[in-house]
Amino acid sequence: MTDSAAPDLDDPSHDPADVARAAADRLRELTGVEHFDIALVLGSGWGGAAAHLGEQVAEVSADDVPGFSASGVPGHSGTLRAIRYASDSAGAPDRHALVLGARTHYYEGKGVRLVAHGVRTAAAAGASVIVLTNGCGGLRPEWRPGTPVLISDHINLTADSPIEGATFVDLTDLYSSRLRAVARTVDAGLDEGVYVQFRGPHYETPAEVRMARTIGGDLVGMSTALEAIAARQAGLEVLGISLVTNLAAGISETPLSHAEVIEAGQEAGPRIGALLAEIVRRIDR
Ligand code: 8IG
């Protein structure tokens, strides 16, 4: 039996923000970390990044935190981790990052509340910044598999929103230009692009990829946009970074495979992990 007093994402009369607060309380209890400064969602290819960031203080199974469940996608871990790291600011105390390895994808069909829950929990746990990473398809042939790209904006083609009710949330500068500038202090050569979220889980047809290009897209994927919207609503500053793991359908001659995605991620892992860790250390400069 579940505790009838506990807020529940499955109950439409319960506020998802209350479930996020319950999750944040449980995280404090299980990790011993009272306040998280920043949160990271690690997508395909980014799983090793946490090891570069700092010292792991605690690792919690997603199944032990309200509203979370271990993901069934190979290459995505079902844990939440607390990482202590040294800030780049002189004399600043150590910071704590919450690493969410348990993203729920929209294509899983579990609803937008689960998709947004990690982001909302990060805000409830004290984070003021969230770093959303993903693996995605690239529309620019010069972006070879393994290229990290800063997200400058998105186009949400899910026809859905994580926001319930008549709450009109502004999405100007959603992918913080301040944080993109911080990222470029680490690597001045980082390109930027517009991320197009499709529903998935199938990849696009070549015609859909041409459409994405025509409407102003540079990257195609199955996550991030809905999370970024929820992050803005929760008051988080967003940094989005994509790893181009494959050229989008029709841009390359070869068909897409999840194995190719995993391989590109593994190859790029150490490089992008070190990059991400350095960006995070500089964020509160
Ligand atoms: I990794 O080519 C990855 N995720 N929609 N298209 C979409 N999602 C992706 C792709 C891709 N590659």
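Residues numbered from 1 in each chain as written. Predicted model: local features only at pLDDT ≥ 70, side-chain atom pairs only at ≥ 80, totals over all residues. Heavy atoms only, no water.

Engineer: Would you mind showing me how to read the nonpolar core here?
Structural biologist: A general feature of soluble globular proteins is that nonpolar side chains tend to end up buried together. Counting residues in hydrophobic clusters, the biggest one holds 37 residues, and the most contacted among them are Leu80, Leu98, Ile130, Leu219 and Val238. With near-sequence residues (within four places) excluded, Leu219 lies in contact with Cys136, Gly137, Leu139, Trp143, Val149, Ile151, Gly193, Val194, Tyr195, Val196, Ser242 and Val244. In terms of nonpolar packing, the next biggest core, distinct from the first, is built from 29 residues, Trp46, Ala49, Leu150 and Leu239 among them. (Core = buried A, V, L, I, M, F, W, Y, C linked by side-chain atoms within 4.5 Å. Buried < 20%, exposed > 50% of the residue type's maximum accessible area, 1.4 Å probe, protein only. Contact = heavy atoms within 4.5 Å.)

Engineer: Would you explain the pairing of strand β1 (residues 38–41) in this entry?
Structural biologist: The side chains of a regular strand alternate between both faces of the sheet. Alternating positions in β1 separate into two faces, Ile38 and Leu40 on one and Ala39 and Val41 on the other, with burial throughout. Where β1 and strand β4 (residues 95–100) come together, 4 bridges link them in parallel fashion. Pairing of Val41 across the sheet is with Leu100, part of β4. As paired elements, β1 and strand β5 (residues 129–138) share 4 bridges and run parallel to each other. Paired with Leu40 across the bridge in β5 is Val131. (Helix = DSSP H or I, 4+ residues; strand = E, 2+ residues; numbered from the N terminus. Pairing = 2+ DSSP bridges.)

Engineer: Before we go on, may I ask you to explain the site of the ligand in this structure?
Structural biologist: In the vicinity of the ligand, the contacting residues are Gly135, Cys136, Gly137, Tyr203, Glu204, Val220, Gly221, Met222, Thr245, Asn246, Leu256 and Val261. Note that a nitrogen atom of the ligand is positioned 2.4 Å from one of the side-chain N or O atoms of Glu204. With respect to the ligand, the side chain of Asn246 contributes an N or O atom lying 2.7 Å from a nitrogen atom. Protein coverage of the free-state accessible area of the ligand, which is 320 Å², stands at 96%. Structurally, the ligand is housed in the largest pocket. (Near = heavy atom within 4 Å. Polar contact = N/O pair within 3.5 Å; in protein donor to acceptor, adjacent residues only side chain to side chain. Areas by Shrake-Rupley, 256 points an atom, 1.4 Å probe, with all protein chains shown as cover. 1 Å grid on protein atoms, 1.4 Å probe; cavity = no way out; pocket = protein on both sides within 12 Å on 5 of 7 lines; lining within 4 Å. Sits in = over half its atoms within 2 Å of the grid points.)

Engineer: Honestly, the layout of surface pockets in this entry has me stumped. Any pointers?
Structural biologist: Empty space among the atoms can be located by rolling a probe the size of a water molecule over them. Volume-wise, the largest pocket comes out at about 350 Å³. What lines the largest pocket is a set of 24 residues, among which Ser44, Tyr107, Gly135, Tyr203 and Met222 lie closest to the centre. Within the residue set of the lining of the largest pocket, elements represented by two or more residues are β5, β8 (219–221), β9 (237–247) and α7 (258–282). Element by element, the count of residues in the lining of the largest pocket is highest for β5, at 4 residues. Of the residues contributing to the lining of the largest pocket, the split by class is 10 nonpolar, 12 polar and 2 charged. (Points joined across faces, edges and corners; volume = space filled by probe spheres on them. Nonpolar A, V, L, I, M, F, W, Y, C, P; charged D, E, K, R; others polar.)

Geometric descriptors of this kind do not, in isolation, establish any biological role.
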